[in-house]
Amino acid sequence: MQHVPGRIFRDLSLPGVSPAERSALYLALIQTLAQLHSFNVNSLGLQGYGRGPRYCKRQVSTWKRQYQAAAHTDIPAMNELAEWLANNLPAGDNEEQLLHGDFRIDNVIFHPREGVYGRYLLGNAAAENSYEFASLVQPLAETGLRLAKKTSFTIGMQPGNMGELFQQSEKGKVVLQKVKDFMQKHVFPAEKEMAEYYARNKNSPDVWRKPPTIERLKERAREEGLWNLFLPAVSGLGQLDYALIAEETGKCYFAPEVFNCHAPDTGNMEVLHLYGTEEQKKQWLEPLLEGKVSSCFCMTEPDVASSDATNMECSLQRDGDSYVVHGKKWWSSGAGNPNCKFAIVMAKDKNTSASRYKQHSMIIVPMDTPGVKLIRPLSVFGYFDYFHGGHFEVHFNNVRVPASHLILGEGRGFEIAQGRLGPGRIHHCMRSIGAAETALRILCERSSQRTTFGKKLYRHEVVAHWIAECRIAIEQARLLTLKAASRIDTMGNKGARKEVAMIKVVAPRAVLKVIDCAMQVCGGAGFSDDFPLAQMFAYIRTLRVADGPDEVHLSAIAKLELLEQAKKLNAHL
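Quick look at the structure, then. These numbers come from a predicted model, not from an experiment. Along each chain, numbering runs from 1 in the same order as the chain's sequence is written. pLDDT decides what is reported in this predicted model: residues at 70 or higher carry local features, side-chain atom pairs at 80 or more are listed and counted, and totals for whole chains, interfaces and linings draw on all residues regardless. Hydrogens and water molecules were not included; the side-chain quantities draw on all heavy atoms of the structure.

**With respect to the overall build of the protein**
Here a strand is any run of E in DSSP of at least two residues, a helix any run of H or I of at least four, and the numbering for each starts at the N terminus. When its secondary structure is counted, the protein shows 19 helices and 10 strands. For the protein, buried positions account for 43% of its 573 residues. Look at the contacts in the protein between residues 6 or more apart in sequence, and 73% of them connect residues 24 or more apart. Residue burial considers only the protein chains on display, and all accessible areas are found by Shrake-Rupley using a 1.4 Å probe. For the protein, the exposed area adds up to about 31,100 Å²; of that, 54% sits on carbon and sulfur atoms. Only protein chains enter the accessibility calculation, which uses a 1.4 Å probe. A residue is then buried if its area is under 20% of the maximum for its type, exposed if over 50%, and partly exposed in between. We call two residues in contact when some of their heavy atoms are within 4.5 Å.

See the structure below:
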């Protein structure tokens, strides 16, 4: 037992804690208990320490006695539930196992021989409202009994309960509708104005600056409370709620920035919110949240295979009160934006003998620091992505920054990256599904407008089948992505690893299929800037590499699946 720094929640109602953080707190508690319970008693030398096997039987018996001591009326459902539990003890109850019986979030222990309502009747109740607990017993008991009598009760996708699994919060529904209305009223009508701006400035240095239209739309969105929706601690929305919003904003390439929900700033804001010091939050996070500045993320390198991030060569070395960063990065999205004020750089610590996943750190580097040099913008299928500040090669030539700019600590880079990538990948996938909806709309409109061989295009069976298959692909990708979002809300990033890896493979493939069909139906026009399809294709194709190659995700999925199957096999032996 040690005294360690941390947060203690004395109030069980967790005032001021957002729903997403509340889920994360309880999930962390559950995961810790589960890990504790997985330890082998014999290997720890604790055999014979406690009362031995049949813990569940003793617990059920204790609960029954506690209920009988506390109750003043007969509740048949409680009696039946106690009987069911006694007759359905787990098969492993005859084994000696390590268990922790005190796991309320405030760590309060109640007396083992008296119930709350019983103490009220005896005149020594724990609280003035103790009598209210009696009215809770019957519905809770009836619910428990219903669950107990089900032949199987599995958390996950079940036929017929998709609405329950992917249930939006009431706030999420309201915000989503407001976003849809805002898109229809303000964003989509601005598409022509945006296109004219870039056509007018394509040969001007101003092409890297945000059009005045964007600033006007951002101000309006902020006034309507549609701001920083991606960050649960600020918006009060869970990942499932925001996933549906991200899909809506994905229907227009500049919409995410209108709501201050655009990459890479979203990922950087998540990093600073989760891992930044108070000083770092004040200096860097707050301006990002206010939309006053932008940022970039520097991880990928030109001289090594970045599919294995441990290959990184950009170095980080402590020198007194500073760190020195030296190396090359590229595909640094947003670095060309004149308002990009800092980069979060991942670099390898020099002179360390730590394990390969403990050798890298993340550090904040202001873009105006001596030694930071923008080398060139990189095109994607010929597009320079001016609106998003381009994708630049950036060199760090012995760049010196204060030691206080280091995030979380030395060797914590991969830990931070994992915390950053889960939600961000869901945002990418749902925005891409929104793009697929736009592509399918174009496909359907074009097929109803053009005639070949004496009939409308949609009357040709092959085109009709494309439309059907595109709708199927979109729905499948959306459902899997929403499942991943739901698992992050309930089980955290780590608990959703397999689902997140799957959507990174499934979503881009599905969306590319839809865009390709739309381009085919549009013919030559589909490859031009008369339609957004070519630019959409270029962007979506990069997702199969940008957040990790498909092959890496497939290997991770296979590994997790094999582990799960092995656990199932061991459980049956």
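There's more to say after this.
**Structural notes on helix H8 (residues 191–201)**
Of the positions making up H8, those classed as buried are Met194, Tyr197, Tyr198 and Asn201. Taken down its axis, H8 places every buried residue within 90° of arc, on the same side. For H8, the exposed residues set more than 90 degrees away from the buried face come down to Lys192 and Arg200. Starting at the helix axis, one direction is taken to each C-beta atom, and the arc is that of these directions.

**Observations regarding the environment of Glu415**
Inspection of the secondary structure puts Glu415 in helix H15 (residues 413–449). As for Glu415 and Tyr357, which are separated by 58 residues in sequence, their C-alpha atoms are 8.5 Å apart. Dropping the residues within four chain positions of it, Glu415 is found in contact with Tyr275 and Leu408.

**Details of the side chain of His428**
Positionally, His428 belongs in helix H15. Assessed through its relative accessible area of 15%, His428 is described here as buried.

**Side note on the nonpolar core**
Counting residues in hydrophobic clusters, the biggest one holds 116 residues, and the most contacted among them are Phe254 and Phe259. Residues within four places of Phe254 in sequence aside, it is in contact with Val187, Ala190, Glu191, Met194, Ile214, Leu217 and Phe387. Core analysis: the second largest hydrophobic core is formed by five residues, Tyr67, Ile75, Ala77 and Ala141 among them. Side-chain atoms within 4.5 Å link the members of a nonpolar core, which is a set of buried Ala, Val, Leu, Ile, Met, Phe, Trp, Tyr and Cys residues.

**So, a negative patch on the surface**
Patch definition: residues with relative accessible area over 30% and no salt bridge; like charges joined within 9 Å; nonpolar side chains (Val, Leu, Ile, Met, Phe, Trp, Tyr) joined within 5 Å. Think of a salt bridge as a Lys or Arg side-chain nitrogen and an Asp or Glu carboxyl oxygen that are within 4 Å of each other. When charges are counted, Lys and Arg are positive and Asp and Glu negative, with His and the chain ends excluded. Charge placement uses NZ in Lys and CZ in Arg. For Asp and Glu, CG and CD serve respectively. Taken together, the side chains of Asp181, Glu219, Glu223 and Glu224 make up a negatively charged region of the molecular surface. When you line up the elements, Glu223 lands in helix H9 (residues 212–223). Look at Glu223 and you get exposed, because its relative accessible area is 61%.

**Structural notes on the pattern of salt bridges**
Taken as a whole, this structure holds 28 salt bridges when the rule is applied. Note that Lys483 and Glu499 form a salt bridge whose closest N and O atoms lie 3.9 Å from each other. Of this pair, Lys483 sits in helix H16 (residues 461–495) while Glu499 sits in helix H17 (residues 497–522), placing them 16 residues apart in sequence. Residue Glu499 is classed as buried on the basis of its relative accessible area of 5%. One salt bridge in this structure joins Glu564 and Lys498, with 2.8 Å as the shortest N-O distance. Of this pair, Glu564 sits in helix H19 (residues 550–572) while Lys498 is found in helix H17, placing the two residues 66 residues apart along the sequence. Among the residues examined, Glu564 registers a relative accessible area of 35% and is labelled partly exposed. For Lys498, a relative accessible area of 13% translates into the label buried.

**Remarks on H17**
Over its 26 residues, H17 runs 38 Å from end to end, which matches the ideal 38 Å to within 8%, given 1.5 Å per residue. With respect to burial, H17 is a largely interior element, 19 of its 26 residues being buried. One or two steps after H17, the chain reaches Gly523, where phi turns positive at roughly 65°. In a helix, the anticipated span is given by 1.5 Å times the number of residues less one.

**Considerations on a nonpolar patch on the surface**
Where nonpolar side chains cluster on the molecular surface, the patch consists of Phe39, Leu44, Leu46 and Tyr49 and spans about 440 Å² of accessible area. Within the element layout of this structure, Leu44 appears in the loop between helix H1 (19–37) and helix H2 (55–70). A residue is classified by how much of its surface remains accessible, and Leu44, at 45% relative accessible area, is partly exposed.

**A short note on the packing of aromatic side chains**
Geometry of an aromatic ring pair is reported as the spacing of the ring centres plus the angle between the planes. Classification of ring pairs uses Phe, Tyr and Trp, with its six-membered ring standing for Trp, and accepts pairs whose centres are within 6.5 Å; under 30 degrees between planes counts as stacked, over 60 as edge-to-face, and the remaining range as tilted. On inspection of all chains with the given rule, the structure shows 12 aromatic pairs. Taken together, the aromatic side chains of Trp208, Phe384, Tyr386 and Phe392 make up a single cluster linked through ring pairs. Two thresholds decide whether a charge sits over a ring: the Lys NZ or Arg CZ must be within 6 Å of the ring centre and within 35 degrees of the ring normal. Just above the ring of Phe387 sits the side chain of Lys210; from NZ or CZ to the centre is 4.1 Å.

**Quick notes on unusual backbone geometry**
Cis geometry is adopted by the peptide bond preceding Pro264, which originates at Ala263 and carries an omega value of 0°. With respect to the helices and strands, Pro264 occurs in the loop between helix H12 (255–258) and helix H13 (265–275). In this structure, Leu408 takes a positive phi of about 70° despite not being glycine. At Phe453, a position not held by glycine, the phi torsion is positive, near 50°. Here Phe453 shows up in the loop between strand S9 (451–452) and strand S10 (455–456).

That is the geometry; function is a separate question.
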